[in-house]
Every structure is written in structure tokens, then in C-alpha cells.
Amino acid sequence: MSIAYTSVSWNTNKKIYDGILLGFVLTYLSIFICACLIIYPEITIETTLIRATSTLAFLLLHVILSIGPLARLNKIFLPLLYNRRHLGVTMFLIALVHGTFSIFQFHALGNISPLVSVLSSNTHYTSFIKFPFQSLGLLALIILSCMAASSHDFWLNQLSPKIWKILHMGVYIAYGLLVMHVLLGVIQLEHSPAYFILLAFGVCWVSTLHVLAAWKENKRDSEKSTPSADGFIQVCDVSEIPENRAKVVTGLKERIAIFKYQGKLSAVSNVCKHQNGPLGEGKIIDGCITCPWHGYQYLPHNGKAPAPFKEKVATYNLRLTGTKIWLDPKPNEEGAEVMPLDLHL
Amino acid sequence: MKKEDEFYVGYLPTPPSTRKKLIRIVIALGIVLIVTGILLVGKQRGFSNGTFEFGKETSLKGVLTTNPIPMLLIDKGKNASGQHQMESIVLVGYGKHGAEDFLQQKEKEMGISLQNKTVNLKGSLIYHDGKAILELTNKVKASIGLVSTVNDIRMPDPITPPVAVKLHGEIIDPKCYFGVMKPGVGKPHRDCAIRCISGGIPPMFKVTNALGENNYFILKSKNTSSINKRVLPFVADQVVIDGSVNQYNDWMVLTVDRITLTSN
């Protein structure tokens, strides 16, 4: 968490994350390039670089798209999500090298501008098989560049988390374009079925993870109770919530996190103001609800981030009948104080 | 802290059990990605052994002709029956440009027709499969030197009479195919080939026989229309060309009647 904008708020984990990432990128490129030059001594260095960067960027994109659902399915993957933006920007820079090199190689030094050439050399836009696959890659690169340029928290706050999130969902459009870029491009030249099999596996892998994560969440969302006359719904027994943890329930529309801590219960919106992270999968640390994604914190009784931070989430009213917890699914204003339920009374 | 209660926060020290599991995951992920990369390398279809002597300048002396395309004819001596053997080096311009504009510009500057004159040309050689191309150096003044002002040789009339043919193959841009790009054929190279042929590089036709051997044909229009423009919609596709073939020295020239697509 930070109150002032800095280019990167470095900490030990981010440095380790980036160090490992850089080490991996250099190792992959070295191995790919050396293997190419050894196995195919007749290959050109331009082709080697184009293929090394394209395969690396595409593999990293699969990792990026897998981290989100994996983290929803198993908490152990959360540390990979913490610095995913650096992974995304790294992937974009590698893709940019691939795109720039390819545009220069295939379109520069001709009789028209290289960018015009990308869109106008192959004009078979109405044919599936002959479709100009390079234009798909260019479009994906433009989407990824918008995402990389707006990846900083400055833009998150300027655009609002909702708009920012919508903009960054563009990664799925970019992924679709890149799958077609590969399918209608290099796969049409290569003889080995390995390329098609790997591409199909990648698409299936990403799709399956997303379906599983969505199924898990939908299952939880479908567990709804009938509201009582005053609108409260029965949620669960107190014993079902571990200390300093939460149970997530679905209210009217939004998910709500009910936390148990120090013999008390409080309910807040499940959606973190930072990047819409799932607060209910977080933990109470130092008396604050701590988001599992990037560690943003909120006080459980009023949903406000501790000073000097200014984020705040909606709070909810609770009622206890015996050991059963009842929740009013109508949200209070963001940051509204609600007396925690005291389990000792 | 109990194992099951471990909670990772990015700006706090990583809990030991999480760290242990994370190390295993990261190592496994790295191995999977690198093995996939090696698999992608190993499964490539391979590359031609064409050569582009990029950055290396070669000086060649020969007779310049632009019929049917810009070429430099180099006398390789007489054969057993006493006839001159000529090697034809196809000329192309710098980047994705043909040599014709450059030669016309030089003729204008020098005030003389270079057709059938002996000249010294400097450029970078591209060669593959017994065929050679010279990319004229991009130093305008240094790339051409007139040796003789008289016509030294005429492009011979077609050695063989025209033969009607129907050939199946792929239209290529020879500069990329013979060594500048790898791969220089097929869909991934289509845009580049279109750009090269649009820029004046003479299109050629690659025909592969049953033994897997390639034959190359210089494409020529039946009339004065531009063959370059005509072939653009068919570049990098499998096509059938109906036409007639003549032999000019060590090149075959295919005069095109009709081009038909054989694939979608």
C-alpha cells in the first residue's frame, strides 16, 4: 500500500519476483537461441530472434492468464499474483521486440510505410485460411501496449477500478487474436503437429482453469437462504468461520465477507477497492482485513483503510441468534461504522 | 504460526511453508516452459541453406542486360563444343526494391544506355540451389562502373523454342527465397514477398518435381503489362500456371498465359 505514486514500490518480495523473472527470460532466450543455432546452423539470426521472442511472450501470456484462476482454486498461487503486473509488462516488452523486429523484417525498406504494409500487403481479409495474420498480431500488440501503459496504480485510480478492470480484460481479446495469429501464421508453414497440439493444449488449459474457477465461485454464489421478514438472511454457524478469517456469502448482488476476530464479527464488501481482489479470502492482520492479492487493508468495523490511506468499502449489519449468524444484505455507505457483533455477550 | 493459517502478504516476509511450496512451483514452471521452448525449436521444419552475404561487398564484371529481367551475364569460358558459357546473376535493388529503377537512374546520370555494356557491379551476393542474385550496394556512386561504351554482347535469342507447359508451384520473390529470409516461402512470408514484388523484384515460379528437386522460372508477361502486379494476388499460394517456357542461358523463362489457384 502506498499513498504517494512512485514508479515501483519496491519490497523484498517484488525484487525476488523480478529477479527470478529476469533470470528466467534470459535463460529461456539463451537456450532457445543456442538450440536454434546448433540444430539449424543455416537459420538467420533475425528468424531466431523473432521465434525466440514470440514463443517466450506467448508462453508467458499463458502463465499470466493461468495465475488468476489458479489463485482462486488454490491459495498457494497467490504469491505469483502479487507482482503479476511486472510479469505482464515484461511479456509486453518481449512481444514488442517480436513485433518490431517482424515489422522491420517483413515490411521495412519497401515502397510504402511498414505499418501501412502490415495492413495492406495481404488483402485476403474475407478468407479464413489466407487471412492476414500479421494484422491480428499488430492489433493484439496495440491492446497489450494500452494495458502495459495503464498498468500503474496512478491509472487505476484515475480510471476507477471498474473501468481499469474492464480495460485490462482486454487481455482475453489479445489472447484470442494471438491464438489466431499463430494458427493462421506459422502453423500453416510448419509440418510438425506438435505446434498445433501445443497451441490446442494451451487454449484448453487456460479455458479449463477459468471454467473451474468460475464453477467454484458460482457454487458458492448459489448457496442462498430465504430472507426473514426484516430482510436478514441466515448465513452460517459461528463455528464455521475460523479465527481471523471470513466466510463469503452472496447478498443481493455483491459478495459479502463476514470476518471473525477477537471474539467479534464484522461484515464488509468482498471487493477490494484496489483491484477488486477477494477480501473474504484475506486475513485479519494487526486488526485489519488484509486483501490476499496485494495486501490492501481495511478496518473491519467501518471498512476504512487505516490512516493515512483513504480507500473504503461498504459495511453490512449482522445479527446473532444463538450461534447462527444473520446478515442484512443491504449495504451501508462505504466507510459507515457498524458496531461489531460481540460473541461474548 | 500454524501451517494452515499461513497467509502471504507481498510486503511482509514470506511464511516458511509457503516459501518452500513456492520454490517447487517456480522451479517446475520454469522447467515446463523451457522444455516447451526446446520442443518448439526441435520441431521446426528446417531452413534452406541459401546464403545472403550481408555486409560483404563483392565486385563482379559482366555484361548488363534487362531482358527479360535485370541480370549480369558473366562469361564462364567456352564449353567442349566451343560455345561461350554464360552465368546469369539476377540483379535486385537494396531492401525490397528491384534493380530497374536504379539502373534507369544511373543511365540518366551517365547519359548512356547500359544495355549490353560491360560493367563492374558491386553488391552483396545471395545464392542457393545453383542460382545467384546480386543485391546492388546502396552506395549509389560506388555500385556501378562502366568498363566499355560499346555493346559487348546481346542477350541470345531463346536457346530453346517455346514449349507450352502447365506447371504447379509457388510464386516467390527470389531475393528472400534464395537466402535473405528463412523461411522465404509460404504464408508467414506472404506479406514480405508481396512487398518485394510490389517494389520491383522480379517474381519467380518455384516448381518441385517428384524427386523433391526445385526448378525455378523467371515469370514474364505475354504482353507489355506488368507481371509483378499480375501475380500479387497469387503470391505464396499453390498455383497452376499455363504458359510457355524458353531457356535464356542458365535460366528458364515462363511466359504466363493464365494463373489458377489450386488451394483455398
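Residues numbered from 1 in each chain as written. Chains lettered and ligands numbered in written order. Predicted model: local features only at pLDDT ≥ 70, side-chain atom pairs only at ≥ 80, totals over all residues. Heavy atoms only, no water.

Peer 1: I'd like to hear about the overall build of chain A, residue by residue, with values.
Peer 2: Within chain A, the secondary structure is distributed over ten helices and eleven strands. The principal-axis extent of the C-alpha atoms belonging to chain A is close to 80 × 40 × 35 Å. A total of 345 residues make up chain A; the buried ones form 52% of that total. Within chain A, residue pairs in contact and separated by at least 24 positions form 55% of the contacts whose partners lie at least 6 positions apart. Entry remark: accessible area of chain A is about 16100 Å², with carbon and sulfur atoms responsible for 67%. Averaged over its 28 positive side-chain charges, chain A has a centre that lies 1 Å from the centre of its 21 negative ones. (Helix = DSSP H or I, 4+ residues; strand = E, 2+ residues; numbered from the N terminus. Buried < 20%, exposed > 50% of the residue type's maximum accessible area, 1.4 Å probe, protein only. Contact = heavy atoms within 4.5 Å. Areas by Shrake-Rupley, 256 points an atom, 1.4 Å probe, with all protein chains shown as cover. Lys, Arg positive; Asp, Glu negative; His and termini not counted. Charge placed at Lys NZ, Arg CZ, Asp CG, Glu CD.)

Peer 1: Could you give an account of the sheet that holds strand S9 (residues 204-208) of chain B, naming the residues involved and the relevant values?
Peer 2: Residues and elements named next belong to chain B. Around the barrel, five strands lie side by side as S8-S9-S10-S12-S11; this closed barrel has mixed pairing. With direction set aside, neighbouring strand axes in the sheet form an average angle of 55°. Direction of pairing for S9 relative to strand S10 (residues 214-221): antiparallel, over a ladder of five bridges. Paired with Met204 across the bridge in S10 is Ile218. (Pairing = 2+ DSSP bridges. Axes fitted to C-alpha atoms, helices over the stretch in contact; angles between N-to-C directions.)

Peer 1: Explain the pattern of salt bridges residue by residue, including any values.
Peer 2: Residues and elements named next belong to chain B. What the rule picks out here adds up to 18 salt bridges over all chains. The salt bridge partner of Asp242 is Lys166, with a shortest N-O separation of 3.3 Å. Residue Asp242 is located in strand S11 (residues 238-248), and its partner Lys166 is located in strand S8 (residues 163-172); the two are separated by 76 residues in the primary sequence. Note on Asp242: relative accessible area 15%, which makes it buried. The class for Lys166 is exposed, based on a relative accessible area of 59%. (Salt bridge = Lys/Arg side-chain N within 4 Å of Asp/Glu carboxyl O.)

Peer 1: Describe the sheet that holds strand S10 (residues 324-327) of chain A, with residues and values.
Peer 2: Residue and element names in this part refer to chain A. Spatially, S1-S10-S9 is the arrangement adopted by the three strands of the open sheet, whose pairing is antiparallel. Pairing within the sheet leaves two strands with one partner each, and these edge strands are strand S1 (233-237) and strand S9 (318-321). With direction set aside, neighbouring strand axes in the sheet form an average angle of 30°. The pairing of S1 with S10 spans four bridges and is classified as antiparallel.

Peer 1: Let's hear about the pairing of strand S2 (residues 58-65) of chain B: which residues, and what values?
Peer 2: All names here are of chain B. Of all the eight residues making up S2, six are buried; the element is thus mostly covered by neighbouring parts of the structure. Bridging between S2 and strand S5 (residues 118-128) involves six bridges; their strand directions are antiparallel. Residue pairing in the sheet places Lys61 in a bridge with Asn120 of S5. Note: S2 against strand S3 (residues 71-78), three bridges, orientation antiparallel. Across the sheet, the residue bridging to Leu64 is Leu72, located in S3.

Peer 1: Give me the lowdown on the interface of chain A and chain B, citing residues and values where you can.
Peer 2: Contact with chain A, which involves 69 residues of that partner, is made by 59 residues of chain B. Summed over both partners, the interface of chain A with chain B comes to about 5500 Å²; 65% of that surface belongs to carbon and sulfur atoms. Linking chain A with chain B are one salt bridge, by the criterion used here. The closest approach of N and O atoms between Asp237 of chain B and Lys130 of chain A, which form a salt bridge, is 3.4 Å. (Buried area = accessible area lost by both parts, 1.4 Å probe.)

Peer 1: Please provide a residue-by-residue account of the side chain of Ser192 of chain A, values included.
Peer 2: Residue and element names in this part refer to chain A. Here Ser192 shows up in the loop between helix H9 (170-183) and helix H10 (194-221). For Ser192, a relative accessible area of 17% corresponds to the buried category. Looking at Ser192, its side chain comes within polar contact range of the main-chain nitrogen of Ala194, at 3.0 Å. (Polar contact = N/O pair within 3.5 Å; in protein donor to acceptor, adjacent residues only side chain to side chain.)

Peer 1: Now, about the pairing of S5 of chain B: what can you tell me, with residues and values included?
Peer 2: Residues and elements named next belong to chain B. Counting buried positions over the eleven residues of S5 gives eight, a clear majority of the element. With two bridges connecting them, strand S1 (residues 51-52) and S5 associate as antiparallel partners. Across the sheet, the residue bridging to Phe52 is Ile126, located in S5. In the sheet, S5 pairs with strand S7 (residues 144-146) via three bridges, with the strands oriented antiparallel. Following the sheet pairing, Val119 is matched in S7 by Leu146. Here six bridges tie S5 to strand S6 (residues 131-136), and the two strands are oriented antiparallel to one another. Paired with Gly123 across the bridge in S6 is Leu136.

Peer 1: Provide a residue-level description of the packing of aromatic side chains, including the pertinent values.
Peer 2: Considering all chains together, one arrives at twelve aromatic pairs over all chains under this definition. Here Tyr82 of chain A and Tyr8 of chain B contribute two aromatic rings whose centre-to-centre distance is 6.1 Å and whose plane-to-plane angle is 75°, an arrangement assigned as edge-to-face. A residue pair is termed interchain when its members come from two chains, as with Tyr82 of chain A in helix H3 (residues 78-82) and Tyr8 of chain B in the segment before helix H1 (16-42). Taken individually, Tyr82 of chain A and Tyr8 of chain B each receive the classification buried, so the pair is uniform in this respect. In this arrangement the basic side chain of Arg319 of chain A is found over the ring face of Phe232 of chain A, its NZ or CZ atom lying 4.4 Å from the centre. (Phe/Tyr/Trp six-rings, centres within 6.5 Å; stacked < 30°, edge-to-face > 60°. Lys NZ or Arg CZ within 6 Å of the ring centre and 35° of its normal.)

Peer 1: Mind laying out unusual backbone geometry, listing which residues take part and the relevant values?
Peer 2: Cis peptide bonds are those with omega within 30 degrees of zero, and the linkage from Ala307 of chain A to Pro308 of chain A qualifies with 10°. Position of Pro308 of chain A relative to the elements: it lies in the loop between strand S7 (297-298) and strand S8 (315-316). That bond from Asn67 of chain B to Pro68 of chain B is cis: its omega, 5°, falls within 30 degrees of zero. For Pro68 of chain B, the position within the fold is in the loop between S2 and S3. Look at Asp286 of chain A: it is not a glycine, yet its phi comes out positive at around 50°. Mapped onto the elements of the fold, Asp286 of chain A is located in the loop between strand S5 (283-285) and strand S6 (288-290).

Peer 1: For empty space enclosed by the protein, give the residues involved together with the corresponding values.
Peer 2: All names here are of chain B. Tallied over the entire structure, the rule returns one cavity of 30 Å³ or more. What the largest cavity holds in volume is close to 40 Å³. Residue contributions to the lining of the largest cavity peak at four residues, all from helix H4 (residues 186-198). (1 Å grid on protein atoms, 1.4 Å probe; cavity = no way out; pocket = protein on both sides within 12 Å on 5 of 7 lines; lining within 4 Å. Points joined across faces, edges and corners; volume = space filled by probe spheres on them.)

Peer 1: Residues and numbers for the confidence of the model for chain B, please.
Peer 2: Looking at chain B as a whole, the pLDDT averages 90, with 94% of positions reaching at least 70. At the level of chain-chain contacts, confidence expressed as ipTM amounts to 0.91, with global pTM at 0.90. (pLDDT = per-residue confidence, 0-100.)

Peer 1: Residues and numbers for H1 of chain B, please.
Peer 2: Here H1 of chain B is 27 residues long and its end C-alpha atoms lie 39 Å apart, about the 39 Å a rise of 1.5 Å per residue gives. Listed as buried for H1 of chain B are Ser17, Thr18, Leu22, Gly30, Leu33, Ile34, Thr36, Gly37, Leu40 and Val41 of chain B. (Expected span 1.5 Å × (residues − 1).)

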